[in-house]
Structure formats: C-alpha cells, structure tokens
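# Structural characterization, general
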Amino acid sequence: MDTNAYIELENKYGANNYHPLDVVLARGSGVWVEDVEGHRYLDCLSAYSAVNQGHVHPKILAALQEQASRITLTSRAFRNDQLGLFYQELSQMSGYEMSLPMNSGAEAVETAVKLARKWAYVVKGVPRYQAEVITCQGNFHGRTISMISTSTEPLYRQDFGPFTPGFVNVPYGDVAAVAQAITPHTAAVLVEPIQGEAGVIVPPKGYLQALRELCDRHQVLMIADEIQTGLGRTGRRFACDHEQVRPDIMVLGKALSGGFYPVSAVLADRPIMGLIQAGEHGSTFGGNPLAAAIARAALRVLEEEKLAENAARLGEYLMEQLAEIPSRYVKEVRGKGLLIGVELHHQLGGARPFCMALKARGILAKETHQHVIRFAPPLVIDQQTIDWALPRIREVLTS
Ligand SMILES: *Cc1c(COP(=O)(O)O)cnc(C)c1O
C-alpha cells in the first residue's frame, strides 16, 4: 500500500475531525520519523509534546515490554505493584504530596476542576453548586463538554452546547482581569503557563507570580495545566518554575507517557487531594500497572538525560537562529525552551503551505491557530540536528 491508499482508507472510514498533513508514518526513533515510502523527517511537533523523550525511547519501550508481559490492567478494585511506586516517584519529582492518575489530558483537567469544586464547598464554604472557576480566553484544556465549556474558540464549541456552567472567562495574561472576576464563590483560577494550542502565547513576565499572589490573597486555588508545557518542554521541569511559582493543583499528561500510552495525573498536597473520598471519582484504566510502569520510565528518562536542561540550551539557540532569518513572512518568533512559535503575517492566509514546504524538505511541523508554525521537536534533539534543519527552514521562510 502506498501513501494515497492509506489516506483514502482514513478518509473513507474515519471521522474527519483532523486535517493532517499527507504523510503516513510507519516508524519513529528519537527525533526522526519515517513514512511508508521510506522518507525520513525531523519531527518538530512531538505529538503536541507527548514525545518529549523521543520516539520509541529504548528504556520506556523496555519498561512497556516487561510490564506488558506480566500484567497490564487490574482495575482499581485491586491494587497493583506499580501504582504505589509511580505515586512515590511522581511526588519526589514534583514536590507534591499526592496525585490522582487518569488517562487523557482532558480527563485530568476535569478531575482538577472537580477537586477544586469540592475544596470550595468543603473548605472555603462556597454555597453548594455555586463554585466558579476562572479560565482564560484562548485556552485549551481538551475536548470534553466541560472543557469546551471553558473554550473561546468557536470551532471547538459552536455546535456542541449546552455547556457546563461555573466557568468565567478573562483575557489571558491580564492579572487585573482575574482580580476583577474573583468573587466569594471563586474556587480556582485555571491557567496554562504558556498557551500552546492558542499559538504559543507567552504571558507577560511576572504573570504567574502575580496570579499566585492574587489566589493567596483571596483564598482561591491556582490550577496550572502543564499538560503541554510541563516535563521539560520549556527548559524547566515545569513552566511555572520559571517564576518560582507553585500552583495548588498541577495537571500533567502528554509526556508523562513518553508517547507510548495515555497517562495523565493531577497533583496536589494532602489538604486538597485528601478531600477525594472512595467512590467519588475514578477511571477503569487510570493508574493501571502498564501506564504506571511506562510513566515511571518516562519520568526517569527526563531526569537521567537532563532533557529540561537540553531544552533550555537548544531552545534558546533555535529561537535565536529562527529570529535571525531575514523573512518577510514572519511577524514574530516567540516561546520558551523547545516550545517555539513562528507567527506569520496574517495576510499570507495561513501557515499550512509553509508546513507543506517544510515537509517537502524533511521537516514535519504543524500550523497552530492558522498563522503560527510550532517548532517543538523531541527534547532529545542535538545541536547538529538543529543545524541540519535551520537552512531548510530558512529556505522555506525566505523563498
Ligand atoms: C493536549 C492538551 C490537553 C488535552 O489533552 P488530551 O490528552 O488531548 O485530552 C489539555 N490541556 C493542554 C494544555 C493540552 O496541551
């Protein structure tokens, strides 16, 4: 079967909910992927930062194979010999006392919102079912009905109401707007440290710290959705670390799996996480031994290979080099670590043709929010590979 045959199958039998580039991948290793016709590409998307550790990392693969040959799913009706170790290692890595494992990112953010609502009723004394969660314009927290209820992107929500109440939207990066939106019923502020899906939007310096102070002053929980920015992507373990901010609740997903299998988690200290009682929340697959073994290996690789440090060093280099490209198409280059957005002038009509031109030169990147090319390669990338990519990117942005 060739590329077109695979694409035809997808188009004929699959829901049309994505608009992928026409490349059919069959293999991956580190920062490289290979299509069914044997063409090799540098992956500059990393599955939206789910493969920070690189494709098919041998140590995570070994953990998966070892665990898959023993036991994969017990349900939480019984205990398993991986989950406790996963909790412990996640706690040691993050500094949070406890965690709650889920599968997808959207589910984990939903879990965080449930936790914040319960905290509001039980601890803060908000009248039952009056709790509000403040979210930001341009956010992306996933595709469930509650998560799209927080969204301001028409495409994500227009045909899918009625929506979950209890969310209030404010402009991103604007602390005063959050301050204004806080009421005695506010349970939490839910924020991405950098808005990835919105086009790599970096808030003003000091934003997270100011949010932290505001939340403390008003007895409001700060929830950071670090599903895309966490685990090394921005050059620190968590993007909140850039401002020495510790959210009350942290949400992780994507790279927690090393790209092998969906694993997400909600992290908090005991006074908050301890509020959840048996039976109040759960998931058949959440915390299963295969997921736990994979996540343990994925976390180990991030630390052993110092991937956050690598992202800081090479991210700075890549961003500098991109900013120096004398391109009449580029409006702005921005980001942190290896989460970089190149925004094109809007009159060009979108970044997609540029992504197709990059693909023709062996680089896979995807437009986000129409006008932005996101460059977010696996964090195992080296300078030599970046130097291979740069002239190709330069060609596309200057021709
Ligand atoms: C990807 C993402 C999600 C949703 O994760 P899924 O696993 O796709 O449900 C939520 N929040 C952020 C910031 C993300 O980048």
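Residues numbered from 1 in each chain as written. Predicted model: local features only at pLDDT ≥ 70, side-chain atom pairs only at ≥ 80, totals over all residues. Heavy atoms only, no water.

Glancing now at the overall build of the chain. Tallying secondary structure elements over the chain gives 14 helices and 15 strands in all. On C-alpha atoms alone, the chain measures out to a radius of gyration of 21 Å, which is about the 21 Å that the 2.2 N^0.38 rule sets for 399 residues. Overall size of the chain, expressed as C-alpha extent along the three principal axes, is 60 × 50 × 45 Å. Put simply, the chain has 399 residues, and 54% of those count as buried. The long-range fraction of contacts in the chain, counting pairs at least 24 apart against all pairs at least 6 apart in sequence, stands at 71%. Total accessible area computed for the chain in this model is approximately 17,900 Å², and 52% of it derives from carbon and sulfur atoms. If the 38 positive side-chain charges of the chain are averaged to one point and the 42 negative ones to another, these points end up 3 Å apart. (Helix = DSSP H or I, 4+ residues; strand = E, 2+ residues; numbered from the N terminus. Rg over C-alpha atoms; globule rule 2.2 N^0.38 Å. Buried < 20%, exposed > 50% of the residue type's maximum accessible area, 1.4 Å probe, protein only. Contact = heavy atoms within 4.5 Å. Areas by Shrake-Rupley, 256 points an atom, 1.4 Å probe, with all protein chains shown as cover. Lys, Arg positive; Asp, Glu negative; His and termini not counted. Charge placed at Lys NZ, Arg CZ, Asp CG, Glu CD.)

Spatially, 1-2-3-13 is the arrangement adopted by the 4 strands of the open sheet, whose pairing is mixed. Pairing within the sheet leaves two strands with one partner each, and these edge strands are strand 1 (25–29) and strand 13 (363–364). Pairing analysis gives 3 bridges linking strand 2 (residues 32–35) to strand 3 (residues 40–43), with the strands arranged antiparallel. Opposite Glu34, over in strand 3, you have Arg40 as the bridge partner. (Pairing = 2+ DSSP bridges.)

Our next topic: the packing of helix 13 (residues 352–360) against helix 14 (residues 383–398). As a packed pair, helix 13 and helix 14 sit with axes 10 Å apart at the nearest point and diverge in direction by 140°. With respect to their mutual orientation, helix 13 and helix 14 come out oblique. Considering how the two elements wind past one another, helix 13 and helix 14 form a crossing that is right-handed. On the side of helix 13, the interface is formed by Phe354, Ala357 and Leu358, while helix 14 contributes Arg392, Ile393, Val396 and Leu397. Here the contact of helix 13 with helix 14 is composed, by residue class, of 6 nonpolar, no polar and 1 charged. (Axes fitted to C-alpha atoms, helices over the stretch in contact; angles between N-to-C directions. Parallel < 35°, antiparallel > 145°, perpendicular 65-115°, else oblique. Left-handed = near helix turned anticlockwise from the far one by under 90°. Nonpolar A, V, L, I, M, F, W, Y, C, P; charged D, E, K, R; others polar.)

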